[in-house]
Amino acid sequence: MAGSEQKGKADLLLAIESSCDETAAAVVNSRREVLSSVVASQDDLHQRFGGVVPEIASRAHLSRILPVIDESLRRAGITLKQLDAIAVMTEPGLVGSLLVGLTAAKTLSLVLGKPLIAVNHIHAHLYTCQMASDRPVFPAVGLVVSGGHTNLYDCVSPTEYELIGSTIDDAAGEAFDKAAALLGLPYPGGPHIQKAAESGDPHAFDFPRSFLRDNRLVFSFSGLKTAIRYTALGQPGSRTPPPELTKQRVADLAASFQEAVVDILIAKCELALKTYHRTNLCIGGGVAANTRFRDRLADLESRTGSSVSVAPTSLCTDNAAMGAIAWELFEIGQFADLDLDVTPGLVRVETKK
Ligand code: KG4
Ligand code: ZN
């Protein structure tokens, strides 16, 4: 269908998200107002494994996707026939999970005769900053920091993003989840580390901050993960048992760990702003909900004079409302065909000096 044919009166879009372990659907109008946003979390299914199990995730998406879509339409007070377009997040993510959302979206597009729009999940995370702002937040440097990603982008416009930096091992959110698990805190770990850190000393332990003074836009959290493991549970082969994990020790470990992650994230945001000569910074993804990180971002804003936009807390973790970015693609006529496929992987950037 031609883009110009679709514009004009179009006003209601259904967005579908199933890239990882949340099954989500949302109805968003062309003013980017969220009429409904339904997220069926799978945390309970993955909790005992301390992380997402892909096969369990895709099976759970299968049983939840249709009820979640139905509920999003019901809450928005509309029927399928009123929709003007179907958007779906097709990259990056777990292949089996992405395929469930894509198949649902293609079926609706075909049956309803409405255009299909492919959305990049990470770009959508950054777009939440625009959704929360009444002024343009792009061009900007963007940081998406979640359980699966720690990526920096040069965001030229709401539809043009260049990957300029990423982690060479774990994502920051994954490090939060693993650190929480070894401290005996529930999954997903980020919010629990944040809570425990409130009564801890961020300087109690001097954890490593990889690449902190390096001029490359790269992150690494595996050394930090190992450091907290050895400090909390003891060095492998050591005859001396580690001190008991009292509530205070857990709080101190959590606070020191959180501070190390935040130091790294803040330093790389500043480096990216300088390197790409940008004055706007956009932050999205689950870890953007972290209150210590948000405080430090406010400090960065006042210290550097940059304008910092952080995703609203309600839109930090995975959701379909951020599929509102599809309106940007709709407006430039960027529609997908029914042979659309998923793109699970993320292209990495060169990390050599
Ligand atoms: O964006 P998201 O829902 O999923 C991915 O695309 O990965 O992010 C989930 C991640 C988890 O690792 C979780 O521990 C982390 O975001 N997270 C937090 C906080 N809330 C969620 N990390 C630190 N502090 C938080 N308050
Ligand atoms: Zn995400």
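Throughout what follows, the structure given in this document is the object of discussion.

Parameters and conventions
- Residues numbered from 1 in each chain as written.
- Chains lettered and ligands numbered in written order.
- Predicted model: local features only at pLDDT ≥ 70, side-chain atom pairs only at ≥ 80, totals over all residues.
- Heavy atoms only, no water.
- Donors = N, O, S within 2.8 Å, 3.2 Å for Na, K, Ca; no water.
- Tetrahedral: all angles 85-135°; square planar, octahedral: opposite > 155°, others 65-115°.
- Helix = DSSP H or I, 4+ residues; strand = E, 2+ residues; numbered from the N terminus.
- Buried < 20%, exposed > 50% of the residue type's maximum accessible area, 1.4 Å probe, protein only.
- Pairing = 2+ DSSP bridges.
- Axes fitted to C-alpha atoms, helices over the stretch in contact; angles between N-to-C directions.
- Contact = heavy atoms within 4.5 Å.

## Some points on the coordination of the zinc ion (ligand 2)
Now for step 1: Here the zinc ion (ligand 2) is held by the protein donor atoms H121 (NE2), H125 (NE2) and D318 (OD), which lie 2.1 Å from it.
Now for step 2: Metal-centred angles of 92 to 145 degrees between the 4 donor atoms at the zinc ion (ligand 2) mark the site as irregular.
Now for step 3: The sequence pattern formed by the donor residues of the zinc ion (ligand 2) is H-x3-H-x192-D. Taken together, the residues span a long stretch of sequence, with H121 in helix α5 (residues 121-131) and D318 in the loop between β11 (307-310) and α11 (326-331) at a distance of 197 residues. There is no split in this pair, since H121 and D318 are both buried.

## Digging into the sheet that holds strand β3 (residues 34-41)
Now for step 1: The sheet built from 5 strands is open, its strands ordered β3-β2-β1-β4-β5 with mixed pairing. Two strands in the sheet have a free side with no partner beyond their single neighbour: β3 and β5 (116-120). The mean angle between the axes of side-by-side strands here comes to 20 degrees, regardless of whether they run parallel or antiparallel.
Now for step 2: Bridge count for strand β1 (residues 12-17) against strand β2 (residues 22-29) is 6 bridges, and the pairing is antiparallel. By the bridge assignment, L14 is partnered in β2 with V27.
Now for step 3: Sitting on the sheet, helix α4 (residues 95-112) touches β1, β4 (85-91) and β5, and the angle it makes with β4 is about 155 degrees.

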